[in-house]
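# Working through the structure, step by step
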Amino acid sequence: MKNIKLLYKLTGGFLLCAAITFVVGLVGYMGLNSLNDDLDNMSTNRMPAVENLLDASVEVERLRVAQRSLLNPNLDSQTRARQYSNIEQARQGYAESLEVFKALAHTDKELAAISEMERALANWQVENDTFLEAAKTLEATDITNPTELRKNLEIFRGDHYKLMDSIGSLLILDTSFD
């Protein structure tokens, strides 16, 4: 190293620093390109997927709330009709959200999870239909509040027995009643 001129040593050192800087810059540039691709994927696939799954989740919750509301025996017929309408709107909403979600690009693992989710939703749909059928059958009897009906029947029975007793007293004892 002593025999090499200072000019060559400085030039070699500078070129070595320039080569290291070039390599670091190249790695950084490749990292930025990779990050850009990942951000594009995130904005075109992942975020819309998450958004549509959240929308579907909200619609499923709306459907659950409407079903729970139908369990309330004190609902009037207008509120019941609105709950049936809410159920149909929620079903349409989550179906639309899931269609948009399924149209996006997915990995094989995600496709397997989507298939499993679709089977679970189909089973859930059958159970929902069974519930709605039972609710409409109950509504067709026009006895949506059996507790209230029982209370009214017991009051009627009591009034009936009181009337029979009063009529019996009128006929046998000739006493008037109100």
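Residues numbered from 1 in each chain as written. Predicted model: local features only at pLDDT ≥ 70, side-chain atom pairs only at ≥ 80, totals over all residues. Heavy atoms only, no water.

## Some remarks on the confidence of the model for the protein
Short version of the rule: By definition, pLDDT measures how confident the predictor is in each residue, and it falls between 0 and 100. The helix count covers DSSP runs of H or I at least four residues long, the strand count covers runs of E at least two residues long, and both are numbered beginning at the N terminus.
For the protein, per-residue confidence averages 89 on the pLDDT scale, and 98% of positions sit at 70 or higher. Of all helices and strands in the protein, the one with the weakest mean pLDDT is helix α4 (residues 146–173) (88), whereas helix α2 (residues 77–103) scores best (92).

## A look at unusual backbone geometry
Positive phi outside glycine occurs at D142, with the angle close to 65°. Looking at where D142 falls in the secondary structure, it is placed in the loop between α3 (108–140) and α4.

## What about the nonpolar core?
Quick reminder of the rule: Nine residue types can take part in a nonpolar core, namely buried Ala, Val, Leu, Ile, Met, Phe, Trp, Tyr and Cys, and a core is a set of them joined through side-chain atoms within 4.5 Å. Relative accessibility under 20% of the residue-type maximum defines a buried residue, over 50% an exposed one, and the middle range a partly exposed one, all with a 1.4 Å probe and only protein chains included. By definition, residues are in contact when any of their heavy atoms lie within 4.5 Å.
A56, L63, A66, L70, Y84, I87, A90, Y94, L98, L132 and A135 together form the largest nonpolar core, which totals 11 residues. Residue assignment for this core shows that the elements contributing at least two residues are α1 (6–70), α2 and α3. With 5 residues, the top contributor of residues to this core is α2. If we ignore the near neighbours within four places in the chain, the residues touching Y94 are A56, E59, V60, L63, L121, W124 and Q125.

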